[in-house]
Every structure is written in structure tokens, then in C-alpha cells.
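The chain contents come next:
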Amino acid sequence: MVGDGDRQELRAGDVLATKRREYDEDDVRVRPGRSSRPRTRTRPRHADAVEGFVIAVDRGRYTCVLSGAGPDAPLVTAMRARELGRKSVVVGDRVGLVGDTSGAPGALARIVRIAERTSVLRRTADDDETTAEGRLERVVVANADQLVIVSALADPPPRTGFIDRCLVAAYDAGIEPLLCLTKADLAGPEAVLGYYTELELPYVLIRPDSDLAALRALLAGRVSVMVGHSGVGKSTLVNRLVPEAERAVGTVSAIGRGRHTSTSAVALRLPAGPGAGGDTGWIVDTPGVRSFGLAHVSAESLLHGFPDLVEATVDCPANCPHTADEPDCALDAWVAAGKADPRRLASYRRLLASRSGEGDPREPERNPGDPLAGS
């Protein structure tokens, strides 16, 4: 049967004839669909991906070293694959790389997966959860084994409140702390060590001319994060440990406050010393910070940084807030019996207050005559 649209009528006298019409591509109209590819949740397996270690992050570009590569191997620049979604990639992450992993100039690889992290060190800018900044949680580094808390013994004076915060963050992340006291030629460590005597906290003393063999031994084979206030000599120490790092070194201002000299976290491979073998370890140099917010740490977990107070809480009533206005809190009796330093209890309660947004997350000023006053 021939439809009306498929024929043309021709009249030749009284004779009616039909002629089938020929079609071409101009007569065909195709309505495009929303997508030419069916949607699927299946993702590429990337069985050919090579393992890498992220050592620096800069505006969407990630600098990596390949697993097992030597210190002279070229660095690989990579970008994050879209299939990762919103998963963040930070210094210390162990990732899977595909694409051009030669490290040649202009080469660009892709990060297609992130290995499960063994630890995550976090901090918040402030402790006040009622503000946007206080809710902003920053991952400092992933897969760290050790947190090296760098504090000067003088110029600027030690801030035990900051050290306490770092200890809480380390214990909460499952990272071992190490106290590194610099400028030991200007002041003795007795006051600081006495404050932490109940913790049996490992420490090293650093002088401008001191041998760093003991510190290197504690860093070997591990990923260690170095944190500290600006001006405590952290970048100077990094330059001594890794001479080729060329990290900027600032000078301490006349009022005792340091200037920010490091601007981004970066992992640096420790060089092999005389007779050293195997994994020499990595240190992650972080920017100098003025506060180490703990809004991401639950109130219950704050006690992790105060193991000398934990035993006393056994005698506290259920759901005890451990604040100074709680009459049945056993912490006061514990300190009164000489089982803990009262300054430790004061520091813990100050962290509780700042954690709930009731105080200034930055530690108060120190009395120049007493390095630990107000800490």
C-alpha cells in the first residue's frame, strides 16, 4: 500500500499514474538523546596502576614519587581523576597512578585510587563550632607514624598549651608524639620536662651545633610530621636534616613572635647517613601555626592527651563534665593529693572550654619571667 505522502500524482489525459518518492539524508530528522552512552556504576579497575606516594600538593597538581624509587628518581606530576569524586588527596597519601608516570617535563599522570589511610592528622583553625572557620576541618597529613612537636626553650618561650593540643591531636589520630626542644643553648629543659614528667614523653634537645644522630635514629624508617609555632627553629632544623630542602628560614621578631616561613606542607626524604641502610624515612614540614584547633576531637577524646588524669576519672560520677564548677569531679582531689600537676588540669579544662567555644583557642600570653606561666 502506498501512502499519500509517498506518492506524487501525475495526470496524462484520464490516466492516473503514481511514482514512488526517493528519500535522502536531508529528509531524516533524528532527535538527539540525553546521552549517547548508557549510565553505569562500573568503574575501570586500572590493573596497570603503579603505586605512588604524594609528597606535595599545589593547586590541583600532586607531586608523587613511585614506590621503591630511589632518591634520584624523577618526580611524577599527577592530577586527580574524576572518578574519585570528592575524595581529597593530601600529602602522605599512597595512591594508584596511571598515564605518563615517567616524570619527564610536561608529563601528567592521573591519580585513580587512594589506599586506605593508616592514620589521619587533622586540625581546625578554631575550636568554636558555631563559626564557619571553626567547623572547617583540615587534614594535615595522612599515613604519618610520628608527630614531632618542635618547641623552643627560649625566644620565643615554650607554650605548653600548644604542646598539649598537639598531644591530644596525636593520640586521637593514633600517632606517636616526639617532643623536640630547640635552642637548648639559651635555656634549660627542666621546666618543660617537669611539666610532662608523668607522661614519660620521649624528647630530644637541639642546639645550633649539636649532633643530630639521635634525632635521625628516631626518624629513620618512619613518616614524621613536624609542627610548631613560627620562630621556634623548625625550618632551620629541617634544613639541617635535609640540606637540599632549601626551606626558607625566617628571623624572630623583636617581640618574640615568629614570622611564617613555610607556606605549604611538603614531604622530604631524609638522606642516608654514614653506614645507614634501608628506609631512611620521611619528614613532613608543615607551615608554622599560631593555633591548633581541636573542634574535630570529641570532648571525651580530649583526655587522650592527658593520660596522667585518666585514672582519676574512675571516681567521677557518670557523665561528669570535668569542669571546675562540677563539685563531684574527682580531678580536683586527684591533683590536691599530688598525683598530677595542677597546671595539667588547668590546661585540660581550658581545652574543654575552648572546645565548646567558651574561650580563646589561642593560648594566653606568657609572663616573660616564667616560661610556663599561663600555660
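Residues numbered from 1 in each chain as written. Predicted model: local features only at pLDDT ≥ 70, side-chain atom pairs only at ≥ 80, totals over all residues. Heavy atoms only, no water.

Description of the overall build of the chain
The helix and strand inventory of the chain stands at eight helices and 15 strands. Counting the 375 residues in the chain, one finds 43% classified as buried. Partitioning the contacts of the chain with sequence separation of at least 6, the portion at a separation of at least 24 is 65%. (Helix = DSSP H or I, 4+ residues; strand = E, 2+ residues; numbered from the N terminus. Buried < 20%, exposed > 50% of the residue type's maximum accessible area, 1.4 Å probe, protein only. Contact = heavy atoms within 4.5 Å.)

Focus: the nonpolar core
Of all hydrophobic cores here, the largest spans 77 residues; its most connected members are Leu147, Val225, Leu241, Ile283, Leu309 and Tyr348. It is helix H2 (residues 160-173) that provides the largest number of residues to this core, a total of eight residues. Residue contacts for leucine 147: discarding those within four places in its chain leaves Leu121, Cys166, Ala170, Ile175, Glu176, Pro177, Leu178, Val225 and Val227. Of all hydrophobic cores here, the second largest spans eleven residues; its members include Tyr62, Val89, Leu97 and Ile111. (Core = buried A, V, L, I, M, F, W, Y, C linked by side-chain atoms within 4.5 Å.)

Quick word on the environment of arginine 138
Mapping arginine 138 onto the fold places it in strand E9 (residues 137-142). Under the relative-accessibility criterion, arginine 138 is labelled partly exposed at 33%. For the pair arginine 138 and glycine 293, spaced 155 residues apart in sequence, the C-alpha separation works out to 9.8 Å.

Focus on helix H5 (residues 234-241)
In terms of residue burial, H5 counts as a mostly covered element, since six of its eight residues are buried. Within H5, the full set of buried residues consists of Lys234, Ser235, Leu237, Val238, Asn239 and Leu241. Structurally, H5 contributes buried residues whose contacts are with strand E10 (146-152), strand E11 (176-182), helix H4 (213-219), strand E13 (223-227), strand E14 (266-269) and strand E15 (282-285).

Treat this as a map of the structure, not an account of what it does.
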